[in-house]
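As a plain string of letters, each chain reads:
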Amino acid sequence: MLLYEYMSQTILIEPNEDLKYIFKLNLNTYTGTDVVERKNADDTIDLLKILPTIDLIITKVSIGAENTSLIIHNFLKAHKMDIPMIIIGDCPELSSEVISLNEPTSWEVLIKHAGQLLGITEESVRHKVKPNYVPISINYFFEIDHTPVSYTHLRAHAVSYTH
C-alpha cells in the first residue's frame, strides 16, 4: 500500500526579498506548504491558468501601481476558483472576503492565518519537528567591517569578578 501525504501549494507575492525569504521559509517549516513565488498579478494569473489547484494566495495589496490583490481576486471570482487569500496591507474593498493583515505584519501572524486556511491544527504543529534555529543568509554579514565596541574599550572598562 502506497501512502501519499498531500503537500499544499501557496502562491506568495512579496516584492521585498528579505520578507519573501522569511515568509517562504516559515510557511514551509510550520505549515509544510510548497511556496511558489510570483512577481505580480499577471504572473500569478498565468500560473493559475495552468495550475488551478493552488491552496492559498498570499499577496501584498499592491505591487507598484498595480492593485495586485483586487486583480487576482477578480480573476478568481470570474473563473469560480475557491482559493483563499491573505492580503498584506489595507484593502477595504475585499475586507469582508479575505483575510487582511496590517502592514507591517510579523511572520508569526502570517503563519498562524495561513495555517488555519490550510487546515493545519495547533496539535499537528506541536508534534512537528521544528528547527532550533532560523537560518540566516551569510549575505547579511558581508557589510560588517567593525564591531560597535572595541576590544580596548572593553578591557578599559572591565570589572573583575574574582575575589
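A brief report on the enclosed structure follows. (Residues numbered from 1 in each chain as written. Predicted model: local features only at pLDDT ≥ 70, side-chain atom pairs only at ≥ 80, totals over all residues. Heavy atoms only, no water.)

A closer look at the sheet that holds strand β4 (residues 85-88)
For clarity, the threshold we go by: Between any two strands, at least two bridges found by DSSP are needed for them to pair. Helix and strand definitions follow DSSP, with helices as H or I runs of at least four residues and strands as E runs of at least two, each counted in order from the N terminus. Working convention: axes come from line fits to C-alpha atoms, limited for helices to the stretch in contact. Angles between N-to-C directions cover 0 to 180 degrees. Contacts are residue-level and defined by heavy atoms, with any inter-residue pair within 4.5 Å sufficient.
On the basis of which strands lie adjacent, the open sheet formed by 5 strands has the order β2-β1-β3-β4-β5 and parallel pairing. This sheet does not close on itself; its edge strands, each paired only once, are β2 (34-37) and β5 (99-101). This sheet shows a mean twist of 20° between the axes of neighbouring strands, independent of strand direction. Set on the sheet, helix α1 (residues 17-31) makes contact with β1 (9-13), β2, β3 (56-60) and β4; between it and β2 the angle comes to about 155°. Of the strands in this sheet, β3, β4 and β5 touch helix α4 (residues 107-117), which is tilted by about 175° from β5.

What about the pattern of salt bridges?
Note the threshold: Within this document, salt bridges are pairs made up of a side-chain nitrogen of Lys or Arg and a carboxyl oxygen of Asp or Glu, the two lying within 4 Å of each other. Only protein chains enter the accessibility calculation, which uses a 1.4 Å probe. A residue is then buried if its area is under 20% of the maximum for its type, exposed if over 50%, and partly exposed in between.
In the structure shown here, the tally under the stated rule is 7 salt bridges. Among the salt bridges present, the one from R38 reaches D43, with a minimum N-O distance of 3.3 Å. A salt bridge links E103 to K60, with the nearest nitrogen and oxygen atoms 2.3 Å apart. In this pair, E103 is assigned in the loop between β5 and α4 and K60 in strand β3, connecting sequence segments 43 residues apart. According to the relative accessible area criterion, E103 is partly exposed, its value standing at 44%. When its relative accessible area of 11% is taken as the criterion, K60 is described as buried.

Examining the pairing of β2
Each regular strand carries side chains that alternate between the two faces of the sheet. Test applied: If the strands point away from the viewer and the path from the first strand over the helix to the second runs clockwise, then the crossover is right-handed.
The pairing of β1 with β2 spans 4 bridges and is classified as parallel. Of the residues in β2, the one forming a bridge with I11 is V36. In terms of handedness, the path from β1 via α1 over to β2 forms a crossover that is right-handed.

Things to note about the packing of helix α2 (residues 41-50) against helix α3 (residues 68-78)
Think of two packed helices as two axes; the pair is described by the angle between the axes and how far apart they sit. Note the threshold: Angle categories are assigned with fixed cut-offs, so that under 35 degrees is roughly parallel, over 145 is roughly antiparallel, 65 to 115 is roughly perpendicular, and the rest are oblique. Left-handed describes a crossing whose near helix is turned anticlockwise from the far helix through less than a right angle; right-handed describes the clockwise counterpart. Under the convention adopted here, Pro, Cys and the residues Ala, Val, Leu, Ile, Met, Phe, Trp and Tyr are nonpolar, Asp, Glu, Lys and Arg are charged, and Gly plus all remaining residues are polar.
Here α2 crosses α3 at 25°, and the two axes come no closer than 9 Å. Compared by their axis directions, α2 and α3 come out roughly parallel. Considering how the two elements wind past one another, α2 and α3 form a crossing that is right-handed. Of the residues in α3, those in contact with A41, T44, I45, L48 and K49 of α2 are T68, I71, I72, F75 and L76. Tallied by class, residues from the contact of α2 with α3 come to 7 nonpolar, 2 polar and 1 charged.

What to know about α1
Test applied: Any helix carries an expected span of 1.5 Å times its number of residues minus one. Polar contacts here mean pairs of N or O atoms no more than 3.5 Å apart (in protein, one a potential hydrogen donor and the other a potential acceptor; neighbouring residues in sequence count only if both atoms are side-chain atoms).
Taking 1.5 Å of rise per residue, 15 residues should cover 21 Å, and α1 covers 21 Å from first to last C-alpha, within 8% of that figure. Of the residues making up α1, those classed as buried are K20, F23, N26, L27, T29, Y30 and T31. Structurally, the start of α1 carries an N-cap: the backbone nitrogen of D18 is 2.9 Å from a side-chain oxygen of N16. A positive backbone phi angle near 75° is found at G32, which sits one or two residues after α1.

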